[in-house]
Amino acid sequence: MAHVAEWKKEEVKELEDLINSHEVIGIVDLLNIPAKQLQEMRKSLNGKAVIRMSKKNLIDLALEDCNADKNNIVDLSEYMDGQVALIATEMNPFKLYKILENSKTAAPAKAGSIATDDIVIPEGDTGFEPGPFLGELQKIGIPAKIDKGKIVVSKEHLLVKAGEEISKDVASTLTRMDINPMEVGIDLKAVYEDADVYLSEVLAIDDEKTLADIQGAFLNAFNLSVNAAIPTKETISTIIKLANTKAFNLAIEAGDINSKTSDLLIALAQSKMLALASALVEDALSDALKDKLANVPAPTETVEAEEKEEEVEEEEEEEEASEEEAAAGLGALFG
């Protein structure tokens, strides 16, 4: 039986302890991260996550040994590409991914690197005086010329497409132009939580779009609940207000006198009386009616204007009540 070095056994044991002591375990790639930047990233994660570099085969062994207690964690072994390390945390996978992505920084291009995005040279002044640099730009295909004593790029130019390799000349020129098209940071390849393994493409979500979708769904549900008269904690107030408004309107239309409707019904009756009086010959009117008719606008116009105004006010009140309740509900939901 082959002898196993004692340090390897200790390393596997330490990896197992790390895995078993945290709820969320991820596989990260630290390839091409300068030592200084990696140290800064470790500091930024202090108290939030632990990064442990080790040999791939030892991580494999540790994952296998922990698979009995953490079902399916051995599946992380499929995503160990590059310069592998374990990351252990209590944060949920989505928050971990976001923190790692936000910690990435721009970096100069290196010969042989693969462009992650299109590298575009903008139109305009390069800041360089006329000289050999003009030839360097033209050599790699950048449309450059001398203008007003400066080297300028005559029009925007796509230098390297995403997925293409960056040549030595291109990398050198980009560095001189202070263009840093690469991104350096910790790449989260896969992460384990509660027997599930999530890949980075699943964890990459648009926060603003997701929040907008949730808010839209809430408003749609709110409106459905109100329109269908399904009472909930968020909608009961609006439902009662709308019911009260409809009951009030029904009472007015039916001429039902109560403490809420009497003033308006009397005012409407007064308006109709004046409208009728205005249609009579003057000799048929009493002095009191003549005085009233002389002090008011055309009765028909008054009645129509009042009725229209009341309809508009009622609609506005219903809309305002619905919007206020919706806003209050969203506030309670999103803090």
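Everything below is about the structure shown above.
J.: Tell me about the packing of aromatic side chains, residues and numbers included.
T.: Counted by the stated rule, this structure contains 3 aromatic pairs. On the numbers, 6.3 Å between centres and 55 degrees between planes, the contact of phenylalanine 94 with tyrosine 198 is tilted. Here the residue phenylalanine 94 occupies a position in helix H4 (residues 93-102), and tyrosine 198 occupies one in strand E12 (residues 196-199), the gap between them amounting to 104 residues.

J.: Please set out the side chain of lysine 70 residue by residue, giving values where relevant.
T.: Mapped onto the secondary structure, lysine 70 falls in the loop between helix H3 (56-66) and strand E3 (84-89). The buried charged residue lysine 70 lacks any salt bridge, with glutamate 23 as its nearest oppositely charged partner at 4.9 Å. Each residue touching lysine 70, except ones within four places of it in the same chain, is listed here: Ile19, Asn20, His22, Glu23 and Tyr192.

J.: I'd like to hear about the packing of helix H1 (residues 6-20) against H3, residue by residue, with values.
T.: With their axes 9 Å apart at the nearest point, H1 and H3 run at an angle of 50 degrees to one another. Taken together, the axis directions place H1 and H3 in an arrangement best described as oblique. Relative to H3, the crossing made by H1 is right-handed. Taken together, the residues of H3 that come into contact with H1 (itself represented by Trp7, Lys8, Glu11, Val12, Leu15, Glu16, Ile19 and Asn20) are Leu58, Ile59, Leu61, Ala62, Leu63, Asp65 and Cys66.

Reading the values: rules and limits
- Residues numbered from 1 in each chain as written.
- Predicted model: local features only at pLDDT ≥ 70, side-chain atom pairs only at ≥ 80, totals over all residues.
- Heavy atoms only, no water.
- Phe/Tyr/Trp six-rings, centres within 6.5 Å; stacked < 30°, edge-to-face > 60°.
- Helix = DSSP H or I, 4+ residues; strand = E, 2+ residues; numbered from the N terminus.
- Buried < 20%, exposed > 50% of the residue type's maximum accessible area, 1.4 Å probe, protein only.
- Lys, Arg positive; Asp, Glu negative; His and termini not counted.
- Salt bridge = Lys/Arg side-chain N within 4 Å of Asp/Glu carboxyl O.
- Contact = heavy atoms within 4.5 Å.
- Axes fitted to C-alpha atoms, helices over the stretch in contact; angles between N-to-C directions.
- Parallel < 35°, antiparallel > 145°, perpendicular 65-115°, else oblique.
- Left-handed = near helix turned anticlockwise from the far one by under 90°.

No statement about biological role is implied by the geometric values presented.
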